[in-house]
Amino acid sequence: MSKVLVVTSGKGGVGKTTTAAALSAALAGEGKKVAVVDFDVGLRNLDLIMGAERRVVFDLIDVINGDAKLSQALIKDKRIETLSLLPASQTRDKDALTEDGVNGVIEELKKSFDWIVCDSPAGIERGATLAMRHADVALVVTNPEISSVRDSDRIIGLLDSKTLKAETGGDIEKHLLLTRYDTRRASRGEMLKVEDVLDILSIPLLGVVPESEDVLKASNVGSPVTVSNPQSAAGMAYITAAKRLEGADLPLTAPTSRFGFLKFFGRRAAA
Amino acid sequence: MKILDFLMRRSSAPVARDRLQILLAHERSGTGNAELINQLREEVLAVIAKHVSVDPEKVQIKMDRGSPISTLELEIEISGLPSAKAA
Ligand SMILES: Nc1ncnc2c1ncn2[C@@H]1O[C@H](COP(=O)(O)OP(=O)(O)OP(=O)(O)O)[C@@H](O)[C@H]1O
Ligand SMILES: [Mg+2]
């Protein structure tokens with residue numbers, strides 16, 4: 001059974017694309033067949049983060065319009081054989097995304113992939129609602145910062161009302177991924193703590209990704225941080241998150257992490 | 001002064017948490033929306049306009065969402081009442 005996962009947030013720039021790339025690569029690294037779809041029509045970036053920008057020929061909109069076959073638009077990753085990318089269109093706008101069109105693409109992807117990871121655009125409009133529409137699992141990416149938390153709350157409301165799962169009486173599986181976390185600043189009381197965000201949003205925590213320059217380096221070279229630097233704290237956080245998504249009963253600890261807080265929250269997250 | 005600055009800085013995250021908790025409690029229950037305020041404004045005005053004339057331009061409406069109580073403040077300038085002196 002394949003699963004559709006949406007990476008969403010409401011607020012822009014919190015790390016959705018970074019997360020979609022890192023997590024997809026980690027899942028594929030475990031041997032799963034993964035397709036990662038860029039829904040940010042008009043502002044595509046996933047191709048760049050994954051280092052595939054020079055290989056884009058067709059995109060999601062071409063497939064929706066019938067101008068290209070899905071197999072022609074999918075770009076196979078050069079490093080991980082089981083990973084493919086479906087880029088967004090750079091020249092068209094979000095109106096080119098239609099509900100039926102997206103539906104057709106997702107259904108077709110389900111036939112050949114274990115995971116379909118949808119990288120949502122920011123906001124709560126068409127692009128974002130269509131990206132979450134077919135999701136079985138939602139990853140709410142949040143920064144420990146007041147406006148990001150508020151927007152995440154809004155997005156959780158939409159996940160519970162506007163997705164196919166919710167409309168047919170089901171429960172969409174939701175997880176919180178706290179990113180750009182700075183332990184030092186949180187412990188000094190300058191930044192919301194993991195527990196604060198968990199208390200407020202009350203969805204289960206999948207992982208905490210530290211603020212890390214390795215993420216920027218990874219984007220510079222066009223390689224997800226889980227591939228370019230799997231031993232880094234951010235890389236390990238994403239790899240553990242991927243394993244937990246797959247159902248592994250892992251605490252949030254990373255074996256060689258220098259970050260004490262990961263250990264501290266291990267117990268709570270497992271509960 | 002330095003120490004005070006330091007203490008103030010330490011305490012900013014709890015302030016953020018409290019503000020969020022209050023705000024989201026309202027947003028989730030739907031009481032934070034402008035639609036409700038507009039509806040209240042119209043209905044209250046209609047009742048008052050039955051008895052005295054009201055200039056819709058001279059109505060101020062304020063909402064202060066707090067915990068545990070919130071207030072809705074309406075300030076309506078009315079004409080056609082005898083002045084306090086004359087009464
Ligand atoms: N853990 C991290 N540490 C440091 N920088 C990060 C981290 N995660 C993301 N960033 C940086 O934050 C910026 C925004 O990241 P990203 O593009 O993934 O966000 P996004 O949510 O997809 O944005 P948008 O809403 O515009 O699509 C990038 O410069 C990225 O390198
Ligand atoms: Mg993005």
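This structure is a prediction, so every number in the text was calculated from the model and none was measured.

*Asks:* Got a sec to walk through the overall build of chain A? Specific residues and values, please.
*Replies:* The secondary structure content of chain A amounts to 14 helices and eight strands. In terms of overall dimensions, chain A is globule-like: its C-alpha atoms have a radius of gyration of 17 Å, near the 18 Å expected for 271 residues. In terms of overall dimensions, chain A has a C-alpha envelope of 55 × 40 × 30 Å along the principal axes. The buried share of chain A, taken over its 271 residues, is 56%. For chain A, the share of sequence-separated contacts (at least 6 apart) that also reach a separation of at least 24 residues comes to 72%.

*Asks:* Please set out the UniProt feature "domain: CobQ/CobB/MinD/ParA nucleotide binding" (unreviewed entry) in chain A residue by residue, giving values where relevant.
*Replies:* Feature annotation in UniProt places "domain: CobQ/CobB/MinD/ParA nucleotide binding" (unreviewed entry) on residues 5-225 of chain A, given in this structure's numbering. Helix and strand shares over residues 5-225 of chain A are 42% and 19% respectively, and the end C-alpha atoms of the span are 19 Å apart.

*Asks:* Before we move on, could you go through unusual backbone geometry and cite the residues and values that matter?
*Replies:* Residues and elements named next belong to chain A. Positive phi is not limited to glycine here, since Arg180 has a value of about 60°. Counting through the fold element by element, Arg180 comes out in strand β7 (residues 173-181). Even without being glycine, Ser202 reaches a positive phi, approximately 40°. Inspection of the secondary structure assignment puts Ser202 in the loop between α10 (194-201) and β8 (205-210).

*Asks:* Residue-level account of the site of ligand 1, with values.
*Replies:* All names here are of chain A. Near ligand 1, the surroundings consist of 15 residues, among which Lys16, Thr17, Thr18, Arg180 and Ser212 are the closest. In the model, a nitrogen atom of ligand 1 is placed 3.0 Å from a nitrogen or oxygen of the Pro210 main chain. Against a free-state accessible area of 640 Å², the protein chains account for coverage of 78% of ligand 1. Put simply, the parts of the chain that give the shell around ligand 1 at least two residues each are α1 (16-29) and β8. Broken down by element, the shell around ligand 1 gets its largest block of residues, three residues, from α1.

*Asks:* Tell me about the pairing of strand β6 (residues 137-142) of chain A, and name the residues and values.
*Replies:* Residue and element names in this part refer to chain A. Extensive coverage of β6 is indicated by the burial of six of its six residues. Because side chains alternate across β6, one face comprises the buried residues Val137, Leu139 and Val141, and the other comprises Ala138, Val140 and Thr142, equally buried. Bridging between strand β1 (residues 3-8) and β6 involves four bridges; their strand directions are parallel. Bridge pairing in β6 links Val6 to Ala138. Sheet topology note: the β6/β7 ladder contains six bridges and is parallel.

*Asks:* Residues and numbers for the UniProt feature "binding site: ATP" (unreviewed entry) in chain A, please.
*Replies:* Residues and elements named next belong to chain A. Per the UniProt annotation, the sites labelled "binding site: ATP" (unreviewed entry) are Lys11, Gly12, Gly13, Val14, Gly15, Lys16, Thr17 and Thr18. Of note, Gly15 is situated in the loop between β1 and α1. Apart from the residues within four sequence positions on either side, Gly15 is in contact with Val141 and Tyr238. Examined against the element boundaries, Thr17 turns out to sit in helix α1. Setting aside residues no more than four positions away along its own chain, Thr17 makes contact with Asn45, Leu46, Ile49 and Asp119.

Parameters at a glance
Residues numbered from 1 in each chain as written. Chains lettered and ligands numbered in written order. Predicted model: local features only at pLDDT ≥ 70, side-chain atom pairs only at ≥ 80, totals over all residues. Heavy atoms only, no water. Helix = DSSP H or I, 4+ residues; strand = E, 2+ residues; numbered from the N terminus. Rg over C-alpha atoms; globule rule 2.2 N^0.38 Å. Buried < 20%, exposed > 50% of the residue type's maximum accessible area, 1.4 Å probe, protein only. Contact = heavy atoms within 4.5 Å. UniProt positions renumbered as here; feature names shortened; annotations may be inferred. Near = heavy atom within 4 Å. Polar contact = N/O pair within 3.5 Å; in protein donor to acceptor, adjacent residues only side chain to side chain. Areas by Shrake-Rupley, 256 points an atom, 1.4 Å probe, with all protein chains shown as cover. Pairing = 2+ DSSP bridges.

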